[in-house]
Amino acid sequence: MKTVKLPERCNYIETYLTLRCPLECSYCINNQSGKAARERAELPVQQWVDGLNRIDFGNVPLTFGGGEPTFNRDFYTLMDRLRPDIHIDLLTNLQFDVDKFISKLSPERFNNCKLPAYKSIRVSYHAETMDSSALIKKVLKLQDKDFNVGIFGLNHPLNIQQNMEMADMACKNRIFFFIKDFLGEYNDKMFGFYNYPDALDGIPKKATCRTRELLIGPEGNIYRCHRDLYLLDVDSAVANISDPDLKIEYIFRPCKNYGNCNPCDVKIKTNRFLQMGHCSVEIIEQDNVNK
Ligand code: SF4
Ligand code: SF4
């Protein structure tokens, strides 16, 4: 297949190998714009390999997320067959066999960026569904084998005490720990900081929208945004990674769902170097759909 170049403004690429997850966190970002379609087709491994290996990623890493990306049945085969020069980041809840992971993969398979706040394996800590001591043990195993790993908590109002305890345990074990903003509603109050507050008011409006992120769903579809991806809004998919004529464009696209966006798209966020002040999307409102 011919080489596919990323648009210059594209600064993040995430491939959601599966949306399946063994945990059921009450505040899961996958469900923040409606119930996520977790059980869905997942692209056969060779189509992932062919689709991803022909992309010129430049300096942008390829991030695997989900769901829990390691739950994809071909995760290790895919990691083995991807071009060795592709810089890989992994977003995971670590609910897998860490010994198997260590035996199958080397730290060199992952992005080797040396910036102190950059962790190529970013482990999410969800106090309501995880055992903190077990998580620390797994992270230590990876760290002892030189994997570049850190734990990321979430400042949900119910997590405060557990996050403090996790910070203490991580510090004692010389593990990187960082707390990210909780995005979504709790007790009728919206948490998070947003570039487009009207994007979350529940009132559908017409807009045009473009994103700097390349978001690829489990079935290989490329979506306009996280909302479309999580809800499996296939009619809004803009391309498929397995298309031999794939072209990735950085353009404004029409949307009728402005108002029901996913917080992840419209938040003011840290980039992968943990620098604050970024928003993935640019939205221009047209008019109210109901007018
Ligand atoms: S671990 Fe992550 S993907 Fe799984 S339910 Fe919790 S927040 Fe959602
Ligand atoms: S306006 Fe919101 S729902 Fe529509 S494409 Fe943009 S982020 Fe997605």
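Here's what I pulled together on the structure shown here. Along each chain, residues carry numbers from 1 onward, in the same order as the chain's sequence is written. Going through the entries in the order they are written, you letter the chains from A and number the ligands from 1. Residue-level local features of this predicted model are given only where pLDDT is at least 70; pairs of side-chain atoms are given and counted only at 80 or more, and the full residue set underlies all totals for whole chains, interfaces and linings.

### Some words on the site of ligand 2
Each residue gets a C-beta atom placed from its backbone. If that atom is within 6 Å of a molecule or strand, the residue is near it. Surveying the vicinity of ligand 2 reveals 13 residues, the closest of which are Cys209, Cys225, Cys255, Tyr258 and Cys261. Starting at the N terminus, helices and strands are each numbered in turn, a helix being any DSSP run of H or I of at least four residues and a strand any DSSP run of E of at least two. Of all the secondary structure elements, the ones that give two or more residues to the shell around ligand 2 are strand 11 (205–211), strand 15 (253–258) and strand 18 (281–288). Top contributing element to the shell around ligand 2 by residue count: strand 15, with three residues.

### Focus: the site of ligand 1
If you check the shell around ligand 1, you find Cys21, Leu23, Glu24, Cys25, Cys28, Asn30, Gly67, Asn93, Ser124 and His126 and nothing else. Grouping the constituent residues of the shell around ligand 1 by class yields four nonpolar, five polar and one charged. Residues are sorted three ways: Asp, Glu, Lys and Arg are charged, Ala, Val, Leu, Ile, Met, Phe, Trp, Tyr, Cys and Pro are nonpolar, and all the rest, Gly among them, are polar.

### Structural notes on the environment of Pro263
Residue placement: Pro263 occurs in helix 7 (residues 263–266). On the neighbour-count criterion, Pro263 (24 C-beta atoms within 10 Å) is buried. For the pair formed by Pro263 and Asn195, sequence separation is 68 residues and the distance between their alpha carbons is 9.9 Å. Pro263 has contacts with Gln32, Leu183, Gly184, Gly192 and Leu200, leaving out every residue within four places of it along the chain. Counting other C-beta atoms within 10 Å of a residue's C-beta gives its exposure: the residue is buried at 20 or more, exposed at 12 or fewer, and partly exposed in between, where C-beta atoms are placed from the backbone. A pair of residues counts as a contact when their C-beta atoms, built from backbone coordinates, are separated by no more than 7 Å.

### Things to note about the sheet that holds strand 5 (residues 88–92)
Pairing in this open sheet of nine strands is mixed, and the strands run 8-7-6-5-4-2-12-13-14 from one edge to the other. Each edge of the open sheet is held by one strand with a lone partner, namely strand 8 (176–180) and strand 14 (239–240). Strand pairing is defined by DSSP finding a minimum of two bridges between the two strands. Where strand 6 (residues 121–124) and strand 7 (residues 149–154) come together, four bridges link them in parallel fashion. Note that in strand 7 the partner of Ile121 across the bridge is Val149.

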